Amino acid sequence: MSTNIAGKPTYIGELDGSATERVTRIAEEFNRAGLVTTVSSNIVGIMWDKLLVNVATGALCGITRLPYGGLYKMPELRECALEAVLEGMAVAKAGGVKLSTKDPREAWFKASEGLPEDFKPPSLRV
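A few points on the structure. In this text, all values refer to a predicted model and were calculated from it rather than measured experimentally.

Looking at the nonpolar core
Here's step 1: Counting 19 residues, the largest nonpolar core has Leu-52, Leu-71, Val-85, Leu-99, Ala-107 and Trp-108 as the members making the most contacts within it.
Here's step 2: Those elements that place two or more of their residues in this core are α2 (43–64), α3 (68–71), α4 (75–94) and α5 (104–112).
Here's step 3: At six residues, α4 tops the list of elements feeding residues into this core.
Here's step 4: Discounting residues that sit within four places of it in the chain, Leu-52 has contacts with Val-85, Gly-88, Met-89, Leu-99, Thr-101 and Ala-107.

See below:
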């Protein structure tokens, strides 16, 4: 898996999963510019996996006004987050989306990976 400065991978792909010349050229240009990029045949699944990470924390931070550090210190919020992620996983499955996330705890832990305790998601930056 390729990573960038922030340690987060960058993936691109066609919605139908095909490896077109267009997406290959875009990846080559991104890589040439220093943005390490991988072409995926499951970009829809990757987008949903990312959505599950946001579902795990974004709304809860916005509702509670807590940055990640405070959010992760409250077990009650963890349970709420896991239920929200489970619901998102069910919606993805019903839509035929192939997720790499198999356990809602993956999204919960991935959300804070490499971030400081005072990190504020966009829902809290108002």
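Description of α2
Here's step 1: Between its first and last C-alpha atoms α2 spans 32 Å; for 22 residues at 1.5 Å apiece the expected length is 32 Å, and the two agree.
Here's step 2: Taken as a whole, α2 carries its principal kink of about 35 degrees at Asn-54.
Here's step 3: Of the residues making up α2, those classed as buried are Ile-43, Gly-45, Asp-49, Leu-52, Val-53, Ala-56, Thr-57, Gly-58, Leu-60 and Cys-61.
Here's step 4: In this structure, the buried side of α2 is in contact with β1 (10–12), α3, α4 and α5.
Here's step 5: Of the residues flanking the end of α2, it is Arg-65, one or two places downstream, whose phi is positive at about 65 degrees.

Notes on a nonpolar patch on the surface
Here's step 1: A cluster of nonpolar side chains, Ile-26, Phe-30 and Leu-35, forms an exposed patch at the surface whose accessible area comes to about 220 Å².
Here's step 2: Structurally, Leu-35 is set in the loop between α1 (21–32) and β2 (37–39).

Structural notes on the side chain of Asp-49
Here's step 1: Take Asp-49: it is sitting in helix α2.
Here's step 2: This buried residue, Asp-49, is left without a salt bridge; Lys-110 holds the nearest opposite charge, at 6.4 Å.
Here's step 3: Apart from residues no more than four positions distant in its own chain, Asp-49 is found in contact with Leu-99, Ser-100 and Thr-101.

Description of the packing of aromatic side chains
The relative placement of two aromatic rings is captured by the distance of their centres and the angle of their planes.
Here's step 1: Summed over all chains, the structure comprises three aromatic pairs.
Here's step 2: Between Tyr-68 and Phe-119, the aromatic rings sit 4.9 Å apart at their centres with planes inclined by 70 degrees, giving edge-to-face as the arrangement. Linking Tyr-68 in helix α3 with Phe-119 in the segment after α5, this pair joins segments that are 51 residues apart in sequence.
Here's step 3: Here the aromatic residues Tyr-68, Tyr-72, Trp-108 and Phe-119 are joined through ring pairs into a cluster of three or more.

Regarding the state of the cysteines
Cysteine pairs can be covalently joined through their sulfur atoms, and such a bond is termed a disulfide.
Here's step 1: Applying the stated criterion across every chain yields a total of zero disulfides.
Here's step 2: Considering cysteine sulfurs only, Cys-80 is the nearest to Cys-61, which forms no disulfide, with 12 Å between them.

Calculation notes
- All chains use their own residue numbering, which begins from 1 and follows the written sequence.
- Two thresholds apply to this predicted model, a pLDDT of at least 70 for residue-level local features and 80 or more for giving and counting side-chain atom pairs, whereas whole-chain, interface and lining totals are computed over all residues.
- Hydrogen atoms and water are omitted, and side-chain values are computed over all heavy atoms in the structure.
- Only buried Ala, Val, Leu, Ile, Met, Phe, Trp, Tyr and Cys residues count toward a nonpolar core, and they belong to the same one when joined by side-chain atoms within 4.5 Å.
- Note on exposure labels: buried denotes an accessible area under 20% of the residue type's maximum, exposed denotes more than 50%, and partly exposed covers the range between, all computed with a 1.4 Å probe on protein chains only.
- Only DSSP runs of H or I with at least four residues qualify as helices, and only runs of E with at least two residues qualify as strands; both kinds are numbered from the N terminus onward.
- Residue contacts follow a heavy-atom distance rule, with two residues in contact if any of their heavy atoms lie within 4.5 Å.
- By definition here, a helix of n residues has an expected span of 1.5 Å times n minus one.
- What we call the bend at a residue is the angle made by axes fitted to the seven residues finishing there and the seven residues starting there.
- The patches described consist of residues with a relative accessible area above 30% and no salt bridge, like charges being joined within 9 Å and nonpolar side chains (Val, Leu, Ile, Met, Phe, Trp, Tyr) within 5 Å.
- Note on areas: Shrake-Rupley, 1.4 Å probe, and residue coverage restricted to the protein chains presented here.
- Salt bridges are identified by distance alone: a Lys or Arg side-chain nitrogen within 4 Å of an Asp or Glu carboxyl oxygen.
- His is not counted here, nor are the chain ends, while Lys and Arg score as positive and Asp and Glu score as negative.
- Centres within 6.5 Å make a pair out of two Phe, Tyr or Trp rings, where for Trp the six-membered ring is used; the pair is then stacked when the planes are under 30 degrees apart, edge-to-face when over 60, and tilted otherwise.
- Criterion for a disulfide: a pair of cysteine sulfur atoms within 2.5 Å.

The values are spatial; any link to function lies outside them.
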